[in-house]
Amino acid sequence: MKSFLTHIKDKFGDGNYEGDQFGGAGGHDGTGLPTGNPGNFMFATGIECSYPTIAGGTIRRDLLAETDHYNRYKEDLGLVKEMGLKVLRYNLPYYLIHKAPGKFDWEFADLAMAEIQRLGITPILDLMHFGVPDWIGNFQNPELPVHFAEYCGAVARRYPWVRFYTPVNEIYVTARASAKDGIWNEQLKDDRAFITAMKHITAASIMGTQQIAKYRPDCVIVQSESAEYIHEMRAVESDEIRLTNKLRFLSLDLLYAHTIDAEVLLYCLDNGMTREEVKWFMAGEPPGYQIMGNDYYGRNEKIIKPDGSWCEAEDVLGWYTMTKQYYERYRKPVMHTETNTFKAKDAECWLWKQWVNVQRIRQDGVPVVGFTWYSLLDQLDWDISLAEKRLTVNACGLYDLDRKIRPVGESYKMLIREFGQITVMPHGEIFEFTTRPSTLKVEK
């Protein structure tokens, strides 16, 4: 009896039937989609842009200035294209643009946005990155949501071609570093100040999104937030660490109107959040299509030893497990929105490890739509969370500050060449509809 392969070859001949070009029954080998279109999975980088104040408000850190991006923006944006990337997390510096209520300085923003548009890069516009204009003061100001909403609306009107936004980068980190850890901006170390900052920043993000959606109803909101966890090496978990591990969800609970844990809710109410404010946050999600961005660095996980000292817990849980926790809580499409390592010799391996995490979690059914190495260029003083202006170079970029590519940059190019055709969901190309006539010939 002839095998089915013999029957196929008898019908179509060697080399003339569709499967034969792949050496078997395989569909396609990843070198192209059935539509012939490139994949729409969002491989991205970002340009580090933090601008908090330190030293009692007397020093403004601005990483765009300190890395010379304002002068070399065309060169930097060209590097994004050279890397083979189509997506860029990019900040318009809020503290420089919004001069006063109703007054804006668009000079640099217009130049940079025109170049982004010319190069065909899709920006995810980051509108507040760890700081506010001097005239607003800091995150204790209850007028912040109103002023920031005006700014967001102005950006959306000025650049109507932009669809992707991160209104406020890392809400939880912003509030904690400014009002609980005493590092930036108001530099307070107080539970009430922390909750005040948290509610003001989250409300600013919600109201800003509402303004963006007025001018771009189909906006996509990529909420970048830090995925964190503390492993306490004590036989009995302390109340402080248990609460801290729950508080990591608070910004997204408020943003997505998710029921707040009872212990966290009592903490909020004890520290100045009112019942009316809770009801306002729980009224419903902000408009737009929501993507939950999870930022993960090995230093995000910490081990607290019995004597109170700590060490990094890099990859004990890892991005996969932590993101699974966030996904099961919020059920949002996911993007890996930030990662790097300060150990330049480990950067290539760290890149591939993070990509393995992304592949594995997609295989397990979590809809991951993008991946980001952050950032394009080396950073400065992030080893001390920008607390002092030492200008120590953190060699974590795809390129160094001379704009020379690092080995991790070459590896990212390799990754994109290999996987750049994948879609936001496996086999998602079947949903790419076209009005082109079919080339299929039907025999009569």
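Residues numbered from 1 in each chain as written. Predicted model: local features only at pLDDT ≥ 70, side-chain atom pairs only at ≥ 80, totals over all residues. Heavy atoms only, no water.

### Structural notes on the sheet that holds strand β8 (residues 164–166)
Note: strands within a sheet are paired through backbone hydrogen bonds, in either parallel or antiparallel orientation. Read around the barrel, eight strands follow the order β1-β4-β7-β8-β9-β11-β14-β15 and close on themselves; strand pairing throughout is parallel. Taking each pair of neighbouring strands and ignoring which way they run, the sheet shows an average axis angle of 25°. In terms of strand pairing, strand β9 (residues 220–226) meets strand β11 (residues 289–295) through seven bridges, oriented parallel. Across the sheet, Gln223 pairs through a bridge with Met292, a residue of β11. This element, helix α14 (residues 347–363), spans β1 (42–46), β14 (334–338) and β15 (368–374) of the sheet and lies at about 170° to β15. (Pairing = 2+ DSSP bridges. Helix = DSSP H or I, 4+ residues; strand = E, 2+ residues; numbered from the N terminus. Axes fitted to C-alpha atoms, helices over the stretch in contact; angles between N-to-C directions. Contact = heavy atoms within 4.5 Å.)

### Things to note about the side chain of His336
With respect to the helices, strands and loops of the structure, His336 is situated in strand β14. A relative accessible area of 0% means that His336 is categorised as buried. Of note is the side chain of His336, whose polar atom sits 3.4 Å from the backbone oxygen of Glu338. A polar side-chain atom of His336 sits 2.9 Å from a polar atom in the side chain of Gln354. Excluding its chain neighbours within four sequence positions, the residues that come into contact with His336 are Asn294, Tyr296, Trp319, Gln354, Val358, Gly370, Phe371 and Thr372. (Buried < 20%, exposed > 50% of the residue type's maximum accessible area, 1.4 Å probe, protein only. Polar contact = N/O pair within 3.5 Å; in protein donor to acceptor, adjacent residues only side chain to side chain.)

### Concerning the environment of His98
Residue position: His98 is located in strand β5 (residues 98–100). In this structure His98 comes out as buried when scored by relative accessible area, which is 0%. With 52 residues separating them along the chain, His98 and Glu150 place their C-alpha atoms 9.3 Å apart. Polar side-chain contacts of His98 include one of 3.4 Å to the backbone oxygen of Ala100.

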